[in-house]
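# Understanding the architecture of this molecule
Each chain is listed here by its residues.
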Amino acid sequence: MEKERDGKLPFLDVMVRRKGDGSLGHAVYRKATHTNRYLNAMSHHHPAQKASVVSSLLHRAFTVSDADSLESEKRLLTTALRKNGYNQKMVLKRAENVAKLHARPPMERHTTEEDSVTPAAKLTIPDAPTYRLAKYLAQSLQHHVGRTPSFVKNSAHFIDIIRNTVIYDNEIMVSFDVESLFTNVPIEESLNIIRELTDCGIPKDFPKLVEHCLRNSFFLWNGSYYEQTEGAAMGSPLSPVVANLYMENFEKTALESYDKRPSLWLIHVDDTFVIWPHGEEELKRFLNHLNSQHHAIQFTMELEKEHQIPFLDVMVKRKGNGRLGHSVYRKPTHTDRYLNAASHHHPSQKSSLVATLVNRAYKICDSDSISSEKKHLTSALLRNGYSANMILLVAGNSPT
């Protein structure tokens, strides 16, 4: 049993306190062992995960704190998040969005030299009015994606496809990438494709609902709200599905209207892996053909270098016997910074990080590259504070 002390008593993550008028006040409660260490802004995690950390803490502040404690809670959060590497202006802007949702006064703005560069602050997609509808539509339409032979679901699926592929000396490995696909997806053409799916069993009102989501996208920048008039919204659950459906149709039209075919054509959303047997000059003409299909859909092209080329997170390389080797690919900007072992996260999250990296190594690497990848991972995880015993334990439980 725990009794109130100094007129205060914690319950869940709420500190309940007596007020002079006999009512009960409430504020955010943290245990004495709490360290204010969160997912560091410099860690190698997706920006959406870092933004989610800030949003979750701010939503809790506005939900739990009363008027007397809210300002001090916001100051505490701002200080803690800055210590974890987050930009103050980003925190303040997100707090303004949260404040609007909770009908509370926003944080006071403080400008510092560090925050002199104004980033584009977009409206958080989960807060958008059409988010839940878009999520429902995406789940229903997802069943109609990936019905072409060229569809690549993920890296493991890609490796299953190329494992038995043979490449000849006169063939070229090339990657085509669509520039800013989501924000350039033609809305009307995409809607026409979805309308045709009503013959495949989707409800007849789906196209109108999809159109409602695509034509009602808004974002916040520099204190003003804007309507997105072209393309699909970044971060919307509907955007990847619409983009996939459009690109599958685009691919069919583009390939059938050209007189020469690639030996292999594989596509994952906006990334394409191609083996081309007709020489570089014909390849340039093929690129021009792709870019002439629609003014909004423009491709860039990357040729293999030193007999290898990246696709997704896989480095594909030629082997002496005409087969394709594969290993984990990291961009040149990759830092090997992960969730630190000393951070204030549940142990299951840390062990999950190690397991994810180790499992990816076994799924992507071939027998020639798995040893060097394991050495790389061990070195990187040791630098992030993980013990050798833990790494070996997780690696020992992974498939071989």
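Next up on the list: unusual backbone geometry. Peptide bonds are mostly trans, and most non-glycine residues show a negative phi. Non-glycine residue N36 carries a positive phi angle of around 60 degrees. Mapped onto the elements, N36 comes out in the loop between β3 (24–28) and α1 (47–64). The partly exposed category is assigned to N36, whose relative accessible area is 23%. Unusually for a residue other than glycine, S180 sits at a positive phi of about 45 degrees. Position of S180 among the secondary structure elements: in the loop between β4 (172–178) and α6 (181–184). Given the relative accessible area of 48%, S180 is considered partly exposed.

Now for the environment of Y225. As for its position among the elements, Y225 is in strand β6 (residues 224–228). With 39 residues separating them in the primary sequence, Y225 and P186 have C-alpha atoms 22 Å apart.

Turning our attention to the pairing of strand β12 (residues 324–328). On a regular strand, each side chain points to the face opposite its neighbour's, so the side chains alternate between the two faces of the sheet. By the criterion of burial, β12 is predominantly enclosed, with five of the five residues buried. Across five bridges, strand β11 (residues 314–318) lies against β12 in antiparallel orientation. Bridge pairing links R318 to L324 in β12. Hairpin remark: β11 followed by β12, antiparallel, with five residues in the connecting loop; positive phi at G322, about 90 degrees.

Sizing a probe to match a water molecule and rolling it over the atoms shows the empty space that remains. Per the stated rule, a full pass over the model turns up one cavity of 30 Å³ or more. What lines the largest cavity is T148, S150, F151, N244, M247, E248, E251, I267, H268 and V269. Secondary-structure elements contributing two or more residues to the lining of the largest cavity are α9 (239–256) and β7 (264–268). Top element by residues in the lining of the largest cavity is α9. It accounts for four residues.

Before going further, it helps to spend a moment on the layout of surface pockets. A volume near 840 Å³ is recorded for the second largest pocket. Taken together, 22 residues form the lining of the second largest pocket, with L312, D313, Y329, K331 and R360 sitting closest to its centre. Sorting the residues of the lining of the second largest pocket by element identifies β4, β9 (299–303), β10 (308–311) and α11 (347–364) as the ones contributing at least two each. Take the lining of the second largest pocket: its biggest share by element is four residues, from α11. Taken together, the residues of the lining of the second largest pocket break down into eight nonpolar, seven polar and seven charged.

Every buried residue belonging to helix α7 (residues 187–196) is among I187, S190, L191, I193 and I194, and all of these are buried. End-on, the buried residues of α7 take up no more than an arc of 155 degrees, which puts them together on one face. Its buried side turned inward, α7 meets α4 (131–141), α8 (206–214) and α9.

On to the sheet that holds β12. Read from one edge of the open sheet, three strands run β10-β11-β12, paired in antiparallel fashion. Looking at strand neighbours, the two that pair on one side only are β10 and β12, the edges of this open sheet. Pairs of neighbouring strands in the sheet enclose a mean axial angle of 25 degrees, with direction left out of account. In the packing of helix α5 (residues 155–162) onto the sheet, the strands contacted are β10, β11 and β12, and the crossing angle to β11 comes to about 15 degrees. Contacts from α11 reach β11 and β12, with the element oriented near 175 degrees to β12.

This paragraph deals with the sheet that holds β9. Reading across from one edge, β7-β8-β4-β9 is the order of the four strands in this open sheet, with antiparallel pairing throughout. Only two strands of the sheet have a single partner each, and these edge strands are β7 and β9. Looking at each pair of strands side by side, their axes are set apart by 20 degrees on average, direction ignored. Sheet analysis places β7 next to strand β8 (residues 271–276), joined by five bridges and oriented antiparallel. Each residue of the ladder has a partner; that of H268, found in β8, is D271. In this fold α9 packs onto β4, β7 and β9, with an angle of close to 160 degrees to the strand it touches most, β7. Contacting β4, β7, β8 and β9, helix α10 (residues 280–291) crosses the sheet at an angle of about 160 degrees to β9.

Basis of the calculations
Think of each chain on its own: its residues are numbered from 1, step by step along the sequence as written. Confidence filtering applies because this is a predicted model: local features only for residues at pLDDT of at least 70, side-chain atom pairs given and counted only at 80 or more, and all residues used for totals across whole chains, interfaces and linings. For the side-chain quantities, the full set of heavy atoms in the structure was used; hydrogens and water were omitted. Numbered from the N terminus, helices here are DSSP runs of H or I no shorter than four residues, and strands are runs of E no shorter than two. Each residue is assigned to one of three classes by its accessible area relative to the maximum for its type, calculated with a 1.4 Å probe on protein chains only: buried under 20%, partly exposed between the two thresholds, exposed over 50%. What makes two strands pair is DSSP finding at least two bridges between them. The distinction between a cavity and a pocket rests on a 1 Å grid over the protein atoms alone: a 1.4 Å probe fits inside a cavity but cannot get out, while a pocket stays open yet meets protein on both sides within 12 Å along at least five of seven lines, and a residue with an atom within 4 Å of a point counts as lining. Grid points are joined across faces, edges and corners, and a volume is the space filled by probe spheres set on the points. Note on residue classes: Ala, Val, Leu, Ile, Met, Phe, Trp, Tyr, Cys and Pro are nonpolar, Asp, Glu, Lys and Arg are charged, and everything else, Gly too, is polar. Regarding the arc, it is the one traced by the directions from the helix axis to the C-beta atoms. Throughout, a residue-residue contact means that at least one pair of heavy atoms, one from each residue, lies within 4.5 Å. To obtain each axis, a line is fitted to C-alpha atoms, and for helices this fit is confined to the stretch in contact; angles are then taken between N-to-C directions over 0 to 180 degrees.

Remember, this is a structural readout, not a statement about activity or role.
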